[in-house]
Amino acid sequence: MKVELIQRAANVLFDVPDDVHEEIITLITAVAQDATAQPPQLAAAFGEWCWLVYTVHGDVIEVLDVGCAR
């Protein structure tokens, strides 16, 4: 699956510490590898400290928001 980040999500992703960045990338990878994931409108994935909000359009995952509680 192709992954697209909206600008706001990309800004957050590249402005966090390395360990948090790694957790967010892990979440994105897990969502992308789940070929059966076809959420109806919006979906979310949660890690230990981080989360992301996304939607799926065909074979494209659009990441709308990312964040962390650290």
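That block above? That's the structure.
All residue numbers here refer to positions counted from 1 along the written sequence of the relevant chain. Given that this is a predicted model, residues contribute local features only at a pLDDT of at least 70 and side-chain atom pairs are listed and counted only at 80 or more, while totals for whole chains, interfaces and linings are drawn from all residues. The side-chain values count all of the structure's non-hydrogen atoms but skip hydrogen atoms and water molecules.

(A) Broad picture of the sheet that holds strand β2 (residues 43-46). Pairing between strands requires that DSSP locate at least two bridges from one strand to the other. Secondary structure elements are defined from DSSP: runs of H or I of at least 4 residues count as helices, runs of E of at least 2 residues count as strands, and each element is numbered from the N terminus. With mixed pairing, four strands are arranged side by side in an open sheet as β1-β4-β3-β2. The two strands at the open ends of the sheet, each matched to only one other strand, are β1 (2-5) and β2. Looking at each pair of strands side by side, their axes are set apart by 35 degrees on average, direction ignored. Axis definition: a line fitted to C-alpha atoms, over the contacting stretch in the case of helices. Angles run 0 to 180 degrees between N-to-C directions.

(B) Local environment of the environment of Asp18. With respect to the element layout, Asp18 can be found in helix α2 (residues 18-33). Owing to a relative accessible area of 67%, Asp18 belongs among the exposed residues under this scheme. Between the C-alpha atoms of Asp18 and Gln7, which are eleven residues apart in sequence, the distance is 19 Å. Each residue gets one of three labels from its accessible area relative to the maximum for its type: buried under 20%, exposed over 50%, partly exposed in between, using a 1.4 Å probe on protein chains only.

(C) How the structure looks around α2. In this model α2 runs 22 Å from its N-terminal to its C-terminal C-alpha over 16 residues, within 8% of the 22 Å that 1.5 Å per residue would give. Two residues qualify as a contact provided that any one of their heavy atoms is within 4.5 Å of a heavy atom in the partner residue. Looking at the buried side of α2, the elements it contacts are β1, α1 (7-13), β2, β3 (50-57) and β4 (60-68). Multiplying one less than the number of residues by 1.5 Å gives the expected span of a helix.

(D) Quick look at the pairing of β2. With burial as the criterion, only one face of β2 is covered, namely that bearing Ala43 and Ala45; the residues Ala44 and Phe46 on the opposite face remain uncovered. With four bridges joining them, β2 and β3 adopt antiparallel strand pairing. Across the sheet, residue Ala45 finds its bridge partner in β3, namely Leu52. The antiparallel hairpin formed by β2 and β3 contains three residues in its connecting segment.

The analysis is restricted to geometry; functional conclusions fall outside its scope.
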